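One letter stands for each residue in the lines below.
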Amino acid sequence: MASIWEETPAMDAKARVFISYFIWPVLMIGCTAITAFGMARDQGFLYFNIAYVGLALSLFLLERRLPHERAWLQNCGQMMADFGHTLVSKGTIQVLSVVGGAMGVAKYLEPEAGVFWPESWPLAFQVLLGLLLAEAGLYWAHRLAHVWAPLWRFHAVHHSAPRLWFWNTGRFHIVDAVVSIILSQPLLYLAGAPAEIILWIAAVTAFIGMLTHCNVEMRFGPINYLFNTPELHRWHHSRDLEEGNKNYGENLMIFDLL
């Protein structure tokens with residue numbers, strides 16, 4: 001079935017390019033705004049899930065209206081495998097991380113938060129600092145999973161997907177997911193990050209993770225130097241190791257650039 005963007009090629013080609021620059025920022029800002037609305041009312045976890053489901057539905061529709069690769073719209077027979085890994089790995093680990101970690105460990109350490117953590121900073125700057133700290137661990141967990149054979153055996157599950165689309169965002173072996181948490185979350189706890197910041201990091205990571213795997217045509221320009229984007233992550237999933245063994249960033253690209 002032809003995309004509505006292809007009905008009048010001359011005009012729609014320009015519209016397609018124009019719109020492709022705004023999809024990622026609009027979706028990311030929208031999800032962040034919904035989550036912030038919930039956080040301000042002590043219902044952050046509920047509103048995060050509302051934003052997450054809304055993002056999934058938006059990408060499902062966009063993938064059919066504005067696909068990056070039309071061939072990836074075809075069923076590859078991996079939907080149940082993707083769902084199973086998401087349920088067992090991402091689902092279990094996120095519960096342990098967000099509920100057990102953010103509500104438990106962070107709350108336990110919260111009295112010490114003022115020692116290291118700049119609680120007087122505006123919330124946005126605290127979240128950015130948290131993203132930088134977490135990214136240090138996430139980057140090295142991802143890089144080690146590519147260069148160290150024992151970890152690659154687990155991470156290869158993620159790269160075995162024959163196509164990229166929003167549904168296989170959570171296609172990770174549980175060991176792979178655990179390693180990422182072990183190398184990233186303790187950095188936040190040791191810095192004294194409060195529970196709210198850890199929840200924010202979990203939310204942003206979830207939003208960016210789904211966006212990086214979606215099959216939607218997007219353009220980014222300078223955004224590629226700041227955030228992990230679908231454009232960068234598709235190169236990372238290349239079967240050519242000269243192309244694929246790069247772009248290890250989870251949320252930010254600072255450590256790849258360094």
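Read on for an overview of the structure.

Reading guide: rules and limits
Residues numbered from 1 in each chain as written. Predicted model: local features only at pLDDT ≥ 70, side-chain atom pairs only at ≥ 80, totals over all residues. Heavy atoms only, no water. Helix = DSSP H or I, 4+ residues; strand = E, 2+ residues; numbered from the N terminus. Buried < 20%, exposed > 50% of the residue type's maximum accessible area, 1.4 Å probe, protein only. Contact = heavy atoms within 4.5 Å. Axes fitted to C-alpha atoms, helices over the stretch in contact; angles between N-to-C directions. Parallel < 35°, antiparallel > 145°, perpendicular 65-115°, else oblique. Left-handed = near helix turned anticlockwise from the far one by under 90°. Nonpolar A, V, L, I, M, F, W, Y, C, P; charged D, E, K, R; others polar. Expected span 1.5 Å × (residues − 1). Bend = angle between axes of the 7 residues up to and from the residue.

### Notes on the overall build of the protein chain
Along its length, the protein chain carries 12 helices and zero strands. Element order for the protein chain, N to C, with α for helix and β for strand: α-α-α-α-α-α-α-α-α-α-α-α. Across the 258 residues in the protein chain, those meeting the buried criterion constitute 43%. Contacts in the protein chain between residues far apart in sequence, at least 24 positions, make up 73% of those at least 6 positions apart.

### As for the packing of helix H2 (residues 23-39) against helix H3 (residues 44-65)
With their axes 7 Å apart at the nearest point, H2 and H3 run at an angle of 160° to one another. What the angle tells us is that H2 and H3 run roughly antiparallel. Crossing geometry of H2 relative to H3 is assigned as right-handed. Contacts from Ile23, Leu27, Cys31, Ile34, Thr35, Phe37, Gly38 and Met39 of H2 reach H3 at Gly44, Tyr47, Phe48, Ala51, Leu55, Ser58, Leu59 and Leu62. Classifying every residue of the contact of H2 with H3 by side-chain character gives 12 nonpolar, four polar and no charged.

### Focus on helix H6 (residues 123-147)
In a regular helix each residue adds 1.5 Å, so 25 residues correspond to 36 Å; H6 covers 36 Å between its end C-alpha atoms and thus fits that length. Along H6, the largest kink reaches about 30° and is centred on Glu135.

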